[in-house]
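Descriptive analysis of the structure
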Amino acid sequence: MNPALRGSIAVLLLRLITGVAFVVHGWPKIQNPLHWMDAFPGHPPSFVQVLPAIAEFGGGLGLILGLLTPLCCAGIICTMLVATYTHVAQGHPFVGQTGSYELALVYLTIAMSLILTGPGRYSLDNRLMGLRRNPNDY
């Protein structure tokens, strides 16, 4: 198997698994997008709560399909930057049983990596818009 094909499969798997994770994380939020954080003390206003709900659920769907991948990743990056900052500001450790910022930082890194590599050969972005630069791209 040539390296370009292996890279294409790797990007596809990364998009699919990360996308499913974000759909699962975003599903409860998208059910009540304006009030999903109301139980937290000092919660943000409703119009702010809707942003991560859309970024997680919609971004997850976009990653699964490989559709509007840079836009989906941008929303996920913003959401994960806030999540990482929130955990760090609260003094949570990098890795811990509860309250760590490990997962937010991993998702942030994945989204940044997908922006850098592109959506891959096996994506709707590539199919519809021909985002691949040459036949050897991922």
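The coordinates are above.
Just so you know, these numbers come straight off a predicted model, no measurement behind them.

Conventions we followed
Residues numbered from 1 in each chain as written. Predicted model: local features only at pLDDT ≥ 70, side-chain atom pairs only at ≥ 80, totals over all residues. Heavy atoms only, no water. Helix = DSSP H or I, 4+ residues; strand = E, 2+ residues; numbered from the N terminus. Contact = heavy atoms within 4.5 Å. Core = buried A, V, L, I, M, F, W, Y, C linked by side-chain atoms within 4.5 Å. Buried < 20%, exposed > 50% of the residue type's maximum accessible area, 1.4 Å probe, protein only. Patch = residues over 30% accessible without salt bridge, like charges linked within 9 Å, V, L, I, M, F, W, Y side chains within 5 Å. Areas by Shrake-Rupley, 256 points an atom, 1.4 Å probe, with all protein chains shown as cover. Salt bridge = Lys/Arg side-chain N within 4 Å of Asp/Glu carboxyl O. Axes fitted to C-alpha atoms, helices over the stretch in contact; angles between N-to-C directions. Parallel < 35°, antiparallel > 145°, perpendicular 65-115°, else oblique. Left-handed = near helix turned anticlockwise from the far one by under 90°. Nonpolar A, V, L, I, M, F, W, Y, C, P; charged D, E, K, R; others polar. Phe/Tyr/Trp six-rings, centres within 6.5 Å; stacked < 30°, edge-to-face > 60°.

1. Some words on the environment of G26
Counting through the fold element by element, G26 comes out in helix α1 (residues 3-31). Put simply, G26 and F57 are 31 residues apart on the chain and 4.3 Å apart in space, counted from C-alpha to C-alpha. Apart from residues lying up to four places away in sequence, G26 is in contact with E56 and F57.

2. Description of the nonpolar core
If you look at soluble globular proteins, the nonpolar side chains tend to sit buried side by side. Membership of the largest hydrophobic core comes to 14 residues, with the highest contact counts inside it found for I76, M80, Y107 and L114. By residue number, the principal contributor to this core is helix α4 (residues 102-117), which donates six residues. Apart from residues no more than four positions distant in its own chain, L114 is found in contact with V11, L14, R15, L63, C73 and P119.

3. Things to note about a nonpolar patch on the surface
A cluster of nonpolar residues, L65, L68, L71, L124, L128 and M129, forms a patch on the protein surface that exposes about 590 Å² of accessible area. Within the element layout of this structure, L124 appears in helix α5 (residues 124-129).

4. Overview of the packing of helix α2 (residues 46-65) against helix α3 (residues 69-89)
Packed helices, taken two at a time, are described by the angle their axes make and the gap between the axes. Running from amino to carboxyl end, α2 crosses α3 at an angle of 140°, the nearest separation of the two axes being 8 Å. On the basis of the axis angle, α2 is oblique to α3. In the crossing of α2 with α3, the sense of the turn from one axis to the other is left-handed. Where α2 abuts α3, its residues P52, A55, E56, G58, G59, G62 and L63 lie against T69, C72, C73, G75, I76, T79 and M80. Here the residues of the contact of α2 with α3 sort into seven nonpolar, six polar and one charged.

5. As for the packing of aromatic side chains
In total, this model carries three aromatic pairs according to the counting rule given. Here the aromatic rings of W27 and F57 are separated by 5.5 Å at their centres, their planes lie at 45°, and the arrangement is tilted. Of this pair, W27 sits in helix α1 while F57 sits in helix α2, placing them 30 residues apart in sequence. Overall, the relative accessible area of 46% leaves W27 in the partly exposed class. The buried category is assigned to F57, whose relative accessible area is 17%.

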